[in-house]
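# Coordinates in review
Listed below are the residues making up each chain.
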Amino acid sequence: LEFRRVLFRSEDITSNWPPAPTPPTAEQNKNTAITLLSKTDWVNEPDVYNPSNTPHLQNRQEFLDYRLAVRQYAVNPIAGNIDWPTLPSEQWSSLE
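The text that follows walks through the structure, step by step, so that each part is easy to find. What you are looking at is a predicted structure, and each value in this text was computed from that prediction instead of being measured. (Residues numbered from 1 in each chain as written. Predicted model: local features only at pLDDT ≥ 70, side-chain atom pairs only at ≥ 80, totals over all residues. Heavy atoms only, no water.)

### Overview of unusual backbone geometry
Definition in use: A run of DSSP states H or I qualifies as a helix once it reaches four residues; a run of E qualifies as a strand once it reaches two. Both are numbered from the N-terminal end.
Cis geometry is adopted by the peptide bond preceding Pro55, which originates at Thr54 and carries an omega value of -5°. Within the fold, Pro55 resides in the loop between helix H3 (46–49) and helix H4 (60–75).

Given below as structure tokens:
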């Protein structure tokens, strides 16, 4: 048996660890977009945004803009990391 001494520099070992995650496929991004849209479907219910109802959602347009930005990836999915839009916070009219 022959043993050889192999020297490694720590940067040789750690520079590629952990391995970079695989970017999402177009299909994975499409599925993410569909999931995000389904979580905000309620915004389109008339009783949610009707000002005659108390409370009602006051920032519906922010949700519509969010859904439009997300929908582009559901309709025309792309592969790779996406900087997904931020879900707006709900702002409801007061009960008074």
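### Re the side chain of Arg67
The condition that has to hold: The contact criterion used throughout is that any non-hydrogen atoms of two residues lie within 4.5 Å.
For Arg67, the position within the fold is in helix H4. For Arg67, the contacting residues outside a window of four places in its chain are Leu37, Thr40, Asp41 and Asn44.

### Here we look at the packing of helix H2 (residues 26–38) against H4
The condition that has to hold: The axes are straight lines fitted to the C-alpha atoms, using for helices just the contacting stretch, and the angles between their N-to-C directions are given from 0 to 180°. Oblique is the label for any angle not covered by the other classes, which are roughly parallel (under 35 degrees), roughly antiparallel (over 145) and roughly perpendicular (65 to 115). Crossing handedness is defined as follows: a turn of the near helix away from the far one that is anticlockwise and smaller than a right angle gives a left-handed crossing, while the clockwise case is right-handed. Just so you know the grouping, Ala, Val, Leu, Ile, Met, Phe, Trp, Tyr, Cys and Pro go in nonpolar, Asp, Glu, Lys and Arg go in charged, and all remaining residues, Gly too, go in polar.
Relative orientation of the contacting elements H2 and H4 amounts to 150°, with a least axis distance of 8 Å. Classified by the interaxial angle, the pair formed by H2 and H4 is roughly antiparallel. Classified by chirality, the crossing of H4 by H2 is left-handed. Residue-level inspection shows Lys30, Ala33, Ile34, Leu36 and Leu37 of H2 in contact with H4, the latter providing Tyr66, Arg67, Val70, Arg71, Tyr73 and Ala74. Taken together, the residues of the contact of H2 with H4 break down into eight nonpolar, no polar and three charged.

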